[in-house]
Amino acid sequence: MIVAVDVGNTRVKAAVFEENTSVEFFVFDTKEIQNQLQKILKKYPEVTHLVVSSVGNVTQDVFLALENEIVVHFVSHKSAFPFVNTYATPMTLGIDRMVLAAGATLSFPGQNRLVIDAGTCVTYDCVDADDRYLGGAISPGIRLRYEALHNYTAKLPLLSLEPPLDFVGNSTASAIHSGVVNGLVYEIDGFIEEFKAKYSNFIIILTGGDALFLAMRLKNTIFANSNFLLESLNQTFQYSIHND
Ligand SMILES: Nc1ncnc2c1ncn2[C@@H]1O[C@H](COP(=O)(O)OP(=O)(O)OP(=O)(O)O)[C@@H](O)[C@H]1O
Ligand SMILES: CC(C)(CO)[C@@H](O)C(=O)NCCC(=O)O
Ligand SMILES: [K+]
């Protein structure tokens, strides 16, 4: 059994895997990593490996502290990935994006893949049918958009996520909700349209904390899987064991 841990920019997500099947998912705060992982290991004594992908500001020490109980593996730029990386700055490419690209490559062989991760940031990652990672885009996520409007203006309040009733907002609050939510929905639909126009044989995966909320609002029907990063992390680890 392995535990996959995704340290994001805001929170930590973890899952216990028995081969390719996830047994349980966890979400917790960055400050609680060590505590929560200890609890998970106590609940699942069969766990032998911990695999970590991190883009957050967490030191490796919290994981290394568990090394007397299990083997700890950090996915890094040096790990084996199942695609050819054509990004012009491969060393600055986010590990989370590399893991998502690896998962898409392994799960959807022979297809042109677009992975959209709607988390703190929204990231777009393309891997073509020849398994070349091409790059994509980075934009602010839903929460970040609400916070940016408030933090960088004098008059705009900080609102929490609410579905807009219409694209025409007739009050400050409804105008902000429309700008944030509809704005992001139009953005994602726009990227999907571009991708569909370019490729015929393709798969689009939507993941991240806002995936389910967004999926039902898109013009395009696409496959939403909130746990795609953790599943990809498990797959990336299995791949690296066989290819390192
Ligand atoms: N409890 C929560 N805390 C923070 N964000 C949440 C929560 N529940 C839902 N969300 C939504 O999830 C989004 C953040 O997604 P996610 O949890 O994937 O981010 P993350 O942990 O920072 O990971 P990443 O850095 O990989 O994007 C926010 O825009 C917010 O709307
Ligand atoms: C874009 C984020 C913040 C998304 O989590 C992360 O993938 C990251 O820090 N990336 C580094 C920049 C890049 O991917 O080119
Ligand atoms: K993200």
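These numbers come from a predicted model, not from an experiment.

*Asks:* Give me the sheet that holds strand β1 (residues 2-7): which residues, what numbers.
*Replies:* Judged by pairing direction, the sheet is mixed, and its 5 strands sit side by side in the order β3-β2-β1-β4-β5 without closing on themselves. Two strands close off the open sheet at either side, each with one partner strand: β3 (21-28) and β5 (71-74). Direction aside, the axes of adjacent strands within the sheet are offset by 20° on average. Alignment of β1 against strand β4 (residues 49-54), held across 6 bridges, turns out to be parallel. What sits directly across from aspartate 6, in β4, is serine 53. Sitting on the sheet, helix α7 (residues 228-243) touches β1, β2 (12-18), β3, β4 and β5, and the angle it makes with β1 is about 120°.

*Asks:* Describe the UniProt feature "binding site: ATP" (unreviewed entry) in the protein, with residues and values.
*Replies:* Per the UniProt record, "binding site: ATP" (unreviewed entry) is annotated on Asp6, Val7, Gly8, Asn9, Thr10, Arg11, Val12, Lys13 and Thr120. Their sequence span is 115 residues, while the largest C-alpha to C-alpha distance among them is just 13.2 Å; these annotated residues converge on one region. Relative to the helices and strands, valine 7 is located in strand β1. If we skip the residues at most four places from it in the chain, valine 7 touches Val12, Ile33, Val52, Ser53, Ser54, Val55, Gly56, Val58 and Phe63. Inspection of the secondary structure puts asparagine 9 in the loop between β1 and β2.

*Asks:* Give me the lowdown on the site of ligand 1, citing residues and values where you can.
*Replies:* All residues adjacent to ligand 1 are Gly8, Asn9, Thr10, Arg11, Lys13, Gly119, Thr120, Arg143, Gly208, Gly209 and Asp210. Interatomic distance of 2.7 Å between a side-chain N/O atom of lysine 13 and an oxygen atom of ligand 1. Between ligand 1 and the protein, one listed contact pairs an oxygen atom with a backbone N or O atom of glycine 209 at 2.9 Å. Protein contacts shield 75% of the accessible area of ligand 1, which totals 620 Å² for the unbound molecule. In terms of residue class, the shell around ligand 1 is built from no nonpolar, 7 polar and 4 charged. The two domains that each donate at least three residues to the shell around ligand 1 are domain 1 (2-74) and domain 2 (84-234).

About the cut-offs
- Position numbers for residues count from 1 along each chain, tracking the sequence in the order it is written.
- For naming, the first written chain is A and the first written ligand is 1, with later ones following in the order written.
- Restriction of local features to residues with pLDDT of at least 70 applies here, the model being predicted, together with a cutoff of 80 or more for giving and counting side-chain atom pairs; totals for whole chains, interfaces and linings are based on all residues.
- Side-chain numbers here rest on the full set of heavy atoms in the structure, without hydrogens or water.
- Here, any two strands with at least 2 DSSP bridges between them count as paired.
- Numbering goes from the N terminus for both helices and strands, where a helix is a DSSP run of H or I of at least four residues and a strand is a run of E of at least two.
- A fitted line through C-alpha atoms represents every axis, and for helices the fit uses only the stretch in contact; the resulting angles, taken between N-to-C directions, go from 0 to 180 degrees.
- The criterion used for residue contact is that any of the two residues' heavy atoms lie within 4.5 Å.
- UniProt positions are given in the numbering used here, feature names are shortened, and annotations may be inferred rather than shown by experiment.
- One heavy atom suffices: a residue is near a molecule or strand as soon as one of its heavy atoms comes within 4 Å of it.
- N or O atoms within 3.5 Å of each other form a polar contact, as long as, within protein, one can give a hydrogen and the other can take it, and as long as residues adjacent in sequence are counted only when both atoms are side-chain atoms.
- Only the protein chains shown count as cover for residues, and all accessible areas are computed by the Shrake-Rupley method using a 1.4 Å probe.
- Here the nonpolar group is Ala, Val, Leu, Ile, Met, Phe, Trp, Tyr, Cys and Pro; Asp, Glu, Lys and Arg are the charged ones; every other residue, Gly included, is treated as polar.
- Boundaries of every domain are those given by an automatic assignment or by a domain database.

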